[in-house]
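# Chain and residue survey
Letter by letter, the chains look like this.
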Amino acid sequence: MPDSTTHIAEKPLRDPFGRRITYLRLSVTDRCDLRCSYCMAEHMTFLPKPDVLTLEELLALSEAFMERGVRRIRLTGGEPLVRKNILWLIRALGDHVKRGTLDEVTLTTNGTQLGAMADDLYAAGVRRINVSLDTLSTDLFSQITRRDRLEQVLEGIQAAKSAGLKVKVNTVALKGINADELTDITAWCVAEGLDHTLIETMPLGEVEDAREDHYLPLTTIFPAYAERWQLSPSPHRTGGPARYFDIKGTENRLGFITPLTGNFCDGCNRVRVTCTGRIYMCLGQDDHVDLRAALRSDTPHTTLMNALDRAIGQKPKGHDFAMEDGRMVGSLGRHMSQTGG
Ligand code: SAM
Ligand code: SF4
């Protein structure tokens, strides 16, 4: 696809605050086989197919980011593993990892398709995945996700482990829903040899309940954890928002993602691209630049490189999510399933 010289392309992406952009979260679909109540409404209108980037366009976009210094790509969604022929893209990105032009291809998944796909993911070059799991109770799983798939997800996690994938479990902490179960989920992760990360719910997109009803500040759950484990701050960093603790007596870590109780934007190294090719420079802001038009232009390479410069030049310092007088502020109309987690 290059239609231009490489001197622009070799320029690493650096935002106005001096932060290097080395990590891309790429949403490959807005569709999903679950309907998590904090993420999607029960009845969603999904995007028409022509609006969604083809797999070839997603690869071209990924390669453009690699040219500009991106070293890690995480596929997300919607549910990335329900996108038709997604393994084609994962294999192509895996080939870049094998050639050394990319450090890592990974994904965030709800786990429902892992039973069938884990071996193929490993063969394609994936080594680590994040699996979202908010409860180990069959009934609660059906209530949260509006689908009866817990067993399928647990089998998927076992399949991933057997295939050799390192699995990290992500749990959104929800007051009045799974708050009392969080330490049990961590205990299960420890028994399974998995790292666990807890996430505060963020005000993204309209959902049936008021966000505040189920918002659980993670600062409030420390005492319950302190009763069961000794946690010590871990130097482990991914350049991402999670802060980690080593769980004494285990090989595992516990992560906290606290957009509301602790802003984590200072070291941000990432951008997000939707499956329609919109780049969002911050999950918590609405500013975006359309890369699809650039990709579909007559001079895709040059136009894309210019669009990337424009986008990164607008990367904001951070998000504005906060709790003020018991109300969540900084909310956005866009669902997490559009930009990917
Ligand atoms: N379907 C995949 C999954 O569930 O892992 C990938 C996409 S999902 C949008 C990515 C992550 O975002 C999941 O861990 C999910 O729990 C989280 N998430 C979705 N909506 C959220 C919200 N409003 N606040 C915080 N986390 C959210
Ligand atoms: Fe689907 Fe993931 Fe959103 Fe749940 S969190 S509805 S699994 S995209």
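To keep things clear, this report deals only with the structure shown in the data block. Fair warning: this is a prediction, and the values are worked out from it, not measured in the lab. (Residues numbered from 1 in each chain as written. Chains lettered and ligands numbered in written order. Predicted model: local features only at pLDDT ≥ 70, side-chain atom pairs only at ≥ 80, totals over all residues. Heavy atoms only, no water.)

## A look at the site of ligand 1
- For ligand 1, the set of nearby residues contains 17 residues, the closest of which are Y38, G78, T108, S132 and M202.
- At a separation of 3.0 Å, a nitrogen atom of ligand 1 approaches a polar backbone atom of G78.
- Separating a nitrogen atom of ligand 1 from a side-chain N or O atom of E79 is a distance of 3.2 Å.
- Burial of ligand 1 by the protein chains amounts to 95% of its free accessible area of 550 Å².
- Classifying every residue of the shell around ligand 1 gives 5 nonpolar, 9 polar and 3 charged. (Near = heavy atom within 4 Å. Polar contact = N/O pair within 3.5 Å; in protein donor to acceptor, adjacent residues only side chain to side chain. Areas by Shrake-Rupley, 256 points an atom, 1.4 Å probe, with all protein chains shown as cover. Nonpolar A, V, L, I, M, F, W, Y, C, P; charged D, E, K, R; others polar.)

## Quick word on the layout of surface pockets
- For the second largest pocket, the calculated volume is near 370 Å³.
- K49, V52, L53, R83 and K84 are, among the 16 residues lining the second largest pocket, the residues nearest its centre.
- Grouping the amino acids of the lining of the second largest pocket by side-chain chemistry returns 7 nonpolar, 3 polar and 6 charged. (1 Å grid on protein atoms, 1.4 Å probe; cavity = no way out; pocket = protein on both sides within 12 Å on 5 of 7 lines; lining within 4 Å. Points joined across faces, edges and corners; volume = space filled by probe spheres on them.)

## A word on helix α3 (residues 114-124)
- Taken as a whole, α3 has its buried residues at L114, M117, A118, L121 and A124. One face of α3 carries all of its buried residues, which in axial projection span an arc of 135°. What points out from α3, more than 90 degrees from its buried face, is the exposed set G115, A116, D119 and A123.
- Considering only its buried residues, α3 is in contact with α2 (86-99), β3 (104-109), β4 (128-132) and α5 (150-163).
- At the C-terminal side of α3, G125 shows a positive phi close to 115°. (Buried < 20%, exposed > 50% of the residue type's maximum accessible area, 1.4 Å probe, protein only. Helix = DSSP H or I, 4+ residues; strand = E, 2+ residues; numbered from the N terminus. Arc of directions from axis to C-beta. Contact = heavy atoms within 4.5 Å.)

## A look at the site of ligand 2
- Around ligand 2 sit C32, L34, R35, C36, C39, M40, G78 and N110, and that is every residue in its neighbourhood.
- Broken down by class, the residue content of the shell around ligand 2 amounts to 5 nonpolar, 2 polar and 1 charged.

## Comments concerning the pattern of salt bridges
- This structure, assessed with the given rule, holds 13 salt bridges.
- The salt bridge involving R296 is made with E57; its shortest N-O contact spans 2.7 Å. With R296 in the loop between α8 (292-295) and α9 (300-312) and E57 in helix α1 (residues 55-67), this pair connects stretches of sequence that are 239 residues apart.
- For R296, a relative accessible area of 41% puts it in the partly exposed group.
- Taking the shortest distance from any N to any O, the salt bridge between E192 and K161 comes out at 2.7 Å. Highlighted residues: E192 in helix α6 (residues 182-192) and K161 in helix α5, separated in sequence by 31 residues. (Salt bridge = Lys/Arg side-chain N within 4 Å of Asp/Glu carboxyl O.)

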